[in-house]
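# Architecture and fold: a report
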Amino acid sequence: MPAVAPTLPDDLREDPRYYLRHFQFVLDWVAAHHDSLLAESEWKFIVGFGELPEVSQALLVRMVSRKGELFRLSRLDYAEIGDSDRALVPLVEAGMVIRDPLIGLDELFAQLRVPELRQCFAERLAAHGIAKSATRQRLLDVIQEYEEAGDAEPQRRRLSHWWTETTDQLVQLTVMPVCDRLRLMFFGNLHQTWSDFVLAELGLVRYQQVDLGELSHAFQCRGDVDLYLALHDLRGRLDEGESIEALLTEIPPPAQDNPWLAERRARLLYRLGQQAQRDGDIPLALHCYGLAGPGEARIRRLRLLERQGEYAEAHRLALEAQASPCGEAEQQGLERLLPRLARKLELPRPELPPTRQPRARVLELPADHLVICGSVELAVRDAISHSDRPAWYVENGLITGLFGLLCWEVVFAPLPGAFFHPFQHGPADLRRDDFVARRRRLFDTALARLDDGSYRDVILDHRQRCAGLANPFVHWELLEPELLSLALDCIPAMDLRCMFQRLLLDPAVNRSGLPDLVQFLPGERPSYRLIEVKAPGDRLQDNQRRWLDWLGRHHISVEVWHVEWRHD
DNA sequence: AGTGAACAAG
DNA sequence: TTCACACTATCAA
DNA sequence: GATAGTGTGTCTCTTGTTCACTCC
Ligand SMILES: [Mn+2]
Ligand SMILES: [Mn+2]
């Protein structure tokens, strides 16, 4: 295995082909770290790319970075490349680009401008007597009618055949799949793109740098990369509206030893089930939910069974689920389902843990405050906020932010598999259920700062040193110094510990559902309160109820305020 | 001619 | 290439 | 009260260009 770490040149801001250096860096990185995961075709691409003239490399990367696979030559105009037609020649020879590819009518309509489409289809549009102001969609409808009139199969033709008078050329990239695969192997996901490099270089997004172990990789085997790509493809086709049955037959088998990919697969199955339910195909939806396994899908499945009148089966499965619980949200769903099912089956009402009602009150406000303040939360904040009792609209940002600042080093601890490239917002295993367990001692140490009073300095110190760096728990724009120091002055360490402990129970899920407002009450007891604002017609969401329940049980001052608008 | 969405690019 | 929250409609007890 | 579905602002930043669409 090559031991040389790929490097990026330092002074890329002067280099007009900076994007090519980024791309080459990824190729080198993948070749160095993932050589065993590459197949013949990827090696062929990497080697072939290296043999291209630099202008051709640059043009290819420009195309890869842009949207879609089809490009008009007239839109490939780059000062640092020059004559694109000439730069294309080696790309076409290498099979990376096709000249004048076969395209369908929809692709043609996406490539040509409306005046060009009028020219292209002048005769048929004239015969149809189409209005001059017709939109592109209208033109497409008309031409589609002509195209579909004869045979059912929609024709694919070259641009030069669709529009013989064209003066432009169309080219098509063929290497998008291999480039996506390489991008995935580098980033460990497909939502980060080639432009992440330049955003980081310009300092628009700043990342905490973590010592990457040489053995830190997103993928351990090629099968996992294939699985990720397959799931991604299926989800794209789901969004395109392809039939659920067809997609379901292509769902790959579950990953045995990769919980991360198993979870992605389950989420896709859950979405397939939701779509099937929307389409009214209940048996198919039940099937998808069943395959998706425990969690949200299990609840949806039980509710569907209930709606089908299959009370006994639903009840049996609900008890089974309760025996192997999967998260508080699922538990909450079961606690609503079981009494209903028991009633239908004329069984005794099941024992439920007592639910505590959060303290609630009604606040009357002039109706025009909604417009003046912009939102109901801000209207309440402005109504109660005074200089000696300041209130802030923080939602989840304050508590998670304090947590992120206190536990900064834990979040960015260089555990194996957590960090593998320099553009990560947070550890890759943040959503895994062993995230906390793997860092238990580190979290214990960080939270111990709450006991000896040193947490205040830790938080303020991280605020100073890390300001602006991406952190999945910290939203810098909210954490003004004034808010931070008020929070540290007014929220007792014991309360912080309590709330942080619930965050640690399920950091990914419990980051949300915290109340809208915090009001600081310096010199009073308690010295702050949390307020969830509810406009008329709004009601507590499940995650908000779970947080309120926890806060109430631990005697943290929290209230739900129902606003009523007063019309004068 | 003006507006706004989409895209490209650094 | 979401995610978190609000809002609305409908059904049932 | 429960559930399902939709809407909204956010969307890694900011700027400039192109184009579609609409209005006059
Ligand atoms: Mn809120
Ligand atoms: Mn609220």
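Residues numbered from 1 in each chain as written. Chains lettered and ligands numbered in written order. Predicted model: local features only at pLDDT ≥ 70, side-chain atom pairs only at ≥ 80, totals over all residues. Heavy atoms only, no water.

The name given to chain A in an unreviewed UniProt entry is phosphodiesterase I, and the organism recorded there is Halomonas cupida. In the Catalytic activity (unreviewed entry) part of its UniProt record, chain A is described as follows: "Hydrolytically removes 5'-nucleotides successively from the 3'-hydroxy termini of 3'-hydroxy-terminated oligonucleotides." On record in UniProt, under Sequence similarities (unreviewed entry), the comment for chain A is "Belongs to the FAN1 family." (UniProt positions renumbered as here; feature names shortened; annotations may be inferred.)

## Here's the deal with the coordination of the manganese ion (ligand 1)
Distances from the manganese ion (ligand 1) to its protein donors, Glu395 (OE) and Asp516 (OD), fall at 1.9 to 2.0 Å. Classification of Asp516 by relative accessible area gives buried; the value is 2%. (Donors = N, O, S within 2.8 Å, 3.2 Å for Na, K, Ca; no water. Buried < 20%, exposed > 50% of the residue type's maximum accessible area, 1.4 Å probe, protein only.)

## Section: the protein's contact with DNA strand C
DNA strand C sits among 20 residues. The nearest are Arg235, Asn396, Gln541, Asn543 and Gln544. Counting only the atoms of DNA strand C that lie within 4 Å of the protein, the sugar and phosphate share comes to 89%. Within the side chain of Lys534, a nitrogen or oxygen atom sits 3.2 Å from a phosphate oxygen of DNA strand C. Elements that contribute at least two residues to the surface near DNA strand C include exactly helix H12 (222-239), helix H14 (259-278), strand E11 (528-534) and helix H27 (542-553). Partitioning the surface near DNA strand C into residue classes produces 1 nonpolar, 9 polar and 10 charged. (Near = heavy atom within 4 Å. Polar contact = N/O pair within 3.5 Å; in protein donor to acceptor, adjacent residues only side chain to side chain. Helix = DSSP H or I, 4+ residues; strand = E, 2+ residues; numbered from the N terminus. Nonpolar A, V, L, I, M, F, W, Y, C, P; charged D, E, K, R; others polar.)

## A few points about the sheet that holds strand E5 (residues 170-173)
If you trace the 3 strands from one edge of the open sheet to the other, you get E1-E5-E2, paired in antiparallel fashion. Both edges of this open sheet fall to strand E1 (70-72) and strand E2 (97-99), since each of them pairs with a single strand only. Between one strand and the next, the sheet's axes are offset by a mean angle of 25°, whatever the strand orientation. Against the sheet, helix H4 (residues 84-93) makes contact with E2 and E5, and its axis sits at roughly 115° relative to E2, the strand it touches most. (Pairing = 2+ DSSP bridges. Axes fitted to C-alpha atoms, helices over the stretch in contact; angles between N-to-C directions. Contact = heavy atoms within 4.5 Å.)

## Comments concerning unusual backbone geometry
The omega torsion across Arg525 and Pro526 is -5°, close enough to zero to call that bond cis. With respect to the helices and strands, Pro526 occurs in the loop between strand E10 (517-520) and E11. The phi dihedral of Asp100 falls on the positive side, at around 50°, and the residue is not glycine. Considering the arrangement of structural elements, one finds Asp100 in the loop between E2 and strand E3 (102-103). Even without glycine at this site, Glu395 takes up a positive phi of about 45°. Residue placement: Glu395 occurs in the loop between strand E8 (391-393) and helix H21 (397-406).

## Some remarks on the coordination of the manganese ion (ligand 2)
Around the manganese ion (ligand 2), the protein supplies Asp516 (OD), Glu532 (OE) and Val533 (O) as donor atoms, at distances of 2.0 to 2.3 Å. Sequence spacing of the donors to the manganese ion (ligand 2): D-x15-E-V. The metal-metal distance between the manganese ion (ligand 2) and the manganese ion (ligand 1) is 3.5 Å, with Asp516 coordinating both. Within this pair, whereas Asp516 is found in the loop between helix H26 (493-505) and E10, its partner Val533 is found in strand E11, the two being separated by 17 residues in sequence.

## Quick word on the packing of helix H24 (residues 455-466) against helix H25 (residues 481-490)
Running from N to C, H24 and H25 cross one another at 170°; their axes reach a closest spacing of 11 Å. If you check the angle between H24 and H25, you find them roughly antiparallel. Contacts between H24 and H25 involve Tyr455, Arg456, Ile459, Leu460 and Arg463 from the first element and Pro481, Leu484, Leu488 and Asp489 from the second. Grouping the amino acids of the contact of H24 with H25 by side-chain chemistry returns 6 nonpolar, no polar and 3 charged. (Parallel < 35°, antiparallel > 145°, perpendicular 65-115°, else oblique.)

## Here's the deal with the environment of Arg99
Along the chain, Arg99 falls in strand E2. Note on Arg99: relative accessible area 28%, which makes it partly exposed. Along the primary structure Arg99 and Gly280 are separated by 181 residues, whereas in three dimensions their C-alpha atoms are 45 Å apart. Apart from residues lying up to four places away in sequence, Arg99 is in contact with Asp85, Leu88, Val89, Val92, Gln169, Leu170 and Val171. A polar side-chain atom of Arg99 sits 3.0 Å from a polar atom in the side chain of Gln169.

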